[in-house]
There are 4 protein chains.
Amino acid sequence: MADYEIRTYDSIKVGEKATFSKTVTQVDDALFAGISGDFNPVHIDEEYAKTTQFKTRIVHGAYTVGLISAVIGMKLPGPGCIYGSQKVRFTAPVHFGDTLTAIAEVIEKKEKGKRLIIKTTVVKDSCVFDSGKFPKDTVVAEGEATIFMMK
Amino acid sequence: MADYEIRTYDSIKVGEKATFSKTVTQVDDALFAGISGDFNPVHIDEEYAKTTQFKTRIVHGAYTVGLISAVIGMKLPGPGCIYGSQKVRFTAPVHFGDTLTAIAEVIEKKEKGKRLIIKTTVVKDSCVFDSGKFPKDTVVAEGEATIFMMK
Amino acid sequence: MADYEIRTYDSIKVGEKATFSKTVTQVDDALFAGISGDFNPVHIDEEYAKTTQFKTRIVHGAYTVGLISAVIGMKLPGPGCIYGSQKVRFTAPVHFGDTLTAIAEVIEKKEKGKRLIIKTTVVKDSCVFDSGKFPKDTVVAEGEATIFMMK
Amino acid sequence: MADYEIRTYDSIKVGEKATFSKTVTQVDDALFAGISGDFNPVHIDEEYAKTTQFKTRIVHGAYTVGLISAVIGMKLPGPGCIYGSQKVRFTAPVHFGDTLTAIAEVIEKKEKGKRLIIKTTVVKDSCVFDSGKFPKDTVVAEGEATIFMMK
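What comes next concerns the included structure. Just so we're clear, the structure is a prediction, and the values are computed from it rather than from any experiment.

## Observations regarding the overall build of chain A
Line of reasoning, step 1. Secondary structure assignment for chain A yields 4 helices and 5 strands.
Line of reasoning, step 2. If you list the helices and strands of chain A from N to C, you get β-α-α-α-α-β-β-β-β.
Line of reasoning, step 3. Viewed in the frame of its principal axes, chain A has a C-alpha envelope of about 50 × 30 × 25 Å.
Line of reasoning, step 4. The buried share of chain A, taken over its 151 residues, is 61%.
Line of reasoning, step 5. Long-range pairs, those at least 24 residues apart, make up 70% of the contacts in chain A with a sequence separation of at least 6.
Line of reasoning, step 6. For chain A, the accessible surface area stands at approximately 6100 Å², while carbon and sulfur atoms represent 53% of it.
Line of reasoning, step 7. The centroid of the 20 positive side-chain charges in chain A is displaced by 6 Å from the centroid of its 19 negative side-chain charges.

Printed below as a string of structure tokens:
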């Protein structure tokens, strides 16, 4: 078995931060549609998408929750954590080819239940379809997670 | 282009309900890991998972958000909707082979911004690993979504 | 379990129509090659494809049968149907990035065996490689399906 | 570029036969659902499938057309062929884990248009869910293809 560095609740400090970046490909989103069953045409039908305010297909908002899950599950706090809850607001569209960064920052520790409150933000580091309204550096998703550490 | 039945905000009534069911396979979760980057060992390392309170690998909580996205994006309200936000609490583990049902129910309409508040619940219709604590019929995720309709 | 609206044979009328649209990506076709085993070079070897009358890689004809299966299995008649048979003629090449619409239309009901005869047509709503011979609006596959309803 | 052995119409004899076998996994069918959009519950919802005459989830019939495409596109006649049309009757259910063999046999050559008529049969070589009615050796799909050779 791999050696996992399991963080304890006590070792984690408010203010700790971690990031995970990924260029979102058509593959990622096509597979997301396939595993979730969400074939809403704004994601898979370019002709329909052209008729909407988005002008072209957009990535599933729920996919960005996966990137948040990655930065939490892999880095902060990483192995040993349990996902309690997630709030997320989808604030700008994401397109195939955009590079996103998911940022996790511990903003509070709740002794009752030994919960970590983690601010979760996903920003565009680059974008392939710049509508002017939502350029590079735009926040595409923001919210917070509650995380427990396994005993 | 396909004929899409686009619901208007006005046509949607509080109390409307829709469901989407899927048996969650190892495929779904392996692909979810692959597209999100969340390789937390509790999802992909059976030897590690055995040492945890879960006793075996569990499905990513964030994956269940995809099923919520499916029932909203495909059924209620379906094409024409915009995902504003999602709150979700992960309340029980999910295992490969469990059959889940995502349930969407319109619980409120907010005239300001013409938002729909949709209660989102994911329940186990069957489970392959019954720990006694989390059998069939357990709610595995609960929360609510805010949805806008495109103009 | 999800609430499925199961159509009865009697409720289905000749002339009913349904559609399903999808932009066909390289992902879709790469996965189709991977799950079917059809690695014919006209689909996966761009250098070879350039030497053919198609000038570039084309999508598997058999993939378009999947879109027909989708409109039948999801919409007309949807859950409760059994796929009896399919005839399909492949009438024009499809390229990655083309948006296709699969159209199902009930053209006959056969009381013996309670079979539905469904005309199945797949057309290009847009195309990324316009050879002049096969532009937008071209029918790429046409034929018919025989469908039974479960008892 | 790879060396492809391109068969000529004249070199192909009536009676030639080729086969391709594959064990159908949950992966294959989950991906087929994902790329086609066919999430009919008989394929993806075990609880629903239990209530049907099939008793458990079945593989998409249209997927077996992919195996036919493979034996034609890879072996008989292989590279250089163009898929003109396919007729297929789905004669028995297929389950995850079944091993299928797609058989192509040239049954006629039509000088007009230089078409090959190929009998296409898919049989179960093994099956994991033996309902008694459809055991090992059952034909699951049968029909014929019309194939052209590129000039």
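## A few points about the sheet that holds strand β5 (residues 139-149) of chain B
Line of reasoning, step 1. Within the open sheet, the 10 strands sit side by side as β1(A)-β3(A)-β4(A)-β5(A)-β2(A)-β2(B)-β5(B)-β4(B)-β3(B)-β1(B). Their pairing is antiparallel. The sheet is open, and its two borders are formed by β1 (17-23) of chain A together with β1 (17-23) of chain B, each paired with just one other strand. On average, adjacent strands in this sheet sit at an angle of 20 degrees to one another, irrespective of strand direction.
Line of reasoning, step 2. Looking at chain direction, strand β4 (residues 115-126) of chain B and β5 of chain B are connected through 9 bridges and run antiparallel. Directly across from T121 of chain B, in β5 of chain B, lies its bridge partner E142 of chain B.
Line of reasoning, step 3. The sheet contacts of helix α4 (residues 61-74) of chain B involve β2 (81-90) of chain A together with β1, β2 (81-90), β3 (99-110), β4 and β5 of chain B, and relative to β2 of chain B the element is tilted by about 140 degrees.

## So, the interface of chain B and chain C
Line of reasoning, step 1. Each side of the interface is counted separately: chain B has 9 residues, and chain C has 9 residues.
Line of reasoning, step 2. Overall, the association of chain B and chain C removes approximately 680 Å² of surface from exposure, summing both partners, and the carbon and sulfur fraction of that is 39%.
Line of reasoning, step 3. In this structure, the connection of chain B to chain C is made through 0 salt bridges.
Line of reasoning, step 4. Our enumeration of links across chain B and chain C arrives at 6 residue pairs in polar contact (both at pLDDT 80 or more).
Line of reasoning, step 5. Counting residues per element, the side of chain B that touches chain C draws most heavily on β1 of chain B, at 3 residues.

## Side note on the relation of the copies chain A and chain B
Line of reasoning, step 1. By a simple turn and slide, chain A fits onto chain B: the slide is 0.0 Å along the axis, the RMSD is 0.1 Å, and the turn is 180 degrees. Taken together, the rotation and translation describe the operation of a two-fold axis. No C-alpha of chain A approaches the rotation axis more nearly than that of K87 of chain A, which lies at 2.1 Å.
Line of reasoning, step 2. A share of 100% of interface residues in chain A that are also interface residues in chain B marks the association as one of identical surfaces.

## A closer look at the pattern of salt bridges
Line of reasoning, step 1. A complete count under the given rule lists 30 salt bridges over all chains for this structure.
Line of reasoning, step 2. A salt bridge links E47 of chain B to K50 of chain B; the nearest nitrogen and oxygen atoms lie 3.0 Å apart. With E47 of chain B and K50 of chain B both in helix α3 (residues 46-50) and 3 residues apart, the pair spans about one turn of that helix.
Line of reasoning, step 3. Exposure remark for E47 of chain B: the relative accessible area of 44% places this residue in the partly exposed category.
Line of reasoning, step 4. Salt-bridge contacts for D98 of chain C lead to K124 of chain C; the nearest nitrogen and oxygen are separated by 3.3 Å. Here the residue D98 of chain C occupies a position in the loop between β2 (81-90) and β3 (99-110), and K124 of chain C occupies one in strand β4 (residues 115-126), the gap between them amounting to 26 residues.
Line of reasoning, step 5. The exposure class assigned to D98 of chain C is buried, which follows from its relative accessible area of 0%.

## Remarks on the pairing of β2 of chain B
Line of reasoning, step 1. Where burial is concerned, most of β2 of chain B is hidden: 8 out of the 10 residues are buried.
Line of reasoning, step 2. Summarising the sheet, β2 of chain A and β2 of chain B pair through 5 bridges and their orientation is antiparallel. Across the sheet, residue R89 of chain A finds its bridge partner in β2 of chain B, namely S85 of chain B.
Line of reasoning, step 3. Judged from the 9 bridges that link them, β2 of chain B and β5 of chain B form a sheet pairing that is antiparallel. Residue pairing for β5 of chain B: Q86 of chain B is matched across the bridge by A145 of chain B.

Parameters and conventions
- Residues numbered from 1 in each chain as written.
- Chains lettered and ligands numbered in written order.
- Predicted model: local features only at pLDDT ≥ 70, side-chain atom pairs only at ≥ 80, totals over all residues.
- Heavy atoms only, no water.
- Helix = DSSP H or I, 4+ residues; strand = E, 2+ residues; numbered from the N terminus.
- Buried < 20%, exposed > 50% of the residue type's maximum accessible area, 1.4 Å probe, protein only.
- Contact = heavy atoms within 4.5 Å.
- Areas by Shrake-Rupley, 256 points an atom, 1.4 Å probe, with all protein chains shown as cover.
- Lys, Arg positive; Asp, Glu negative; His and termini not counted.
- Charge placed at Lys NZ, Arg CZ, Asp CG, Glu CD.
- Pairing = 2+ DSSP bridges.
- Axes fitted to C-alpha atoms, helices over the stretch in contact; angles between N-to-C directions.
- Buried area = accessible area lost by both parts, 1.4 Å probe.
- Salt bridge = Lys/Arg side-chain N within 4 Å of Asp/Glu carboxyl O.
- Polar contact = N/O pair within 3.5 Å; in protein donor to acceptor, adjacent residues only side chain to side chain.
- Least-squares fit on C-alpha atoms with pLDDT ≥ 70 in both.

By themselves, these figures tell us nothing about what the structure is for.
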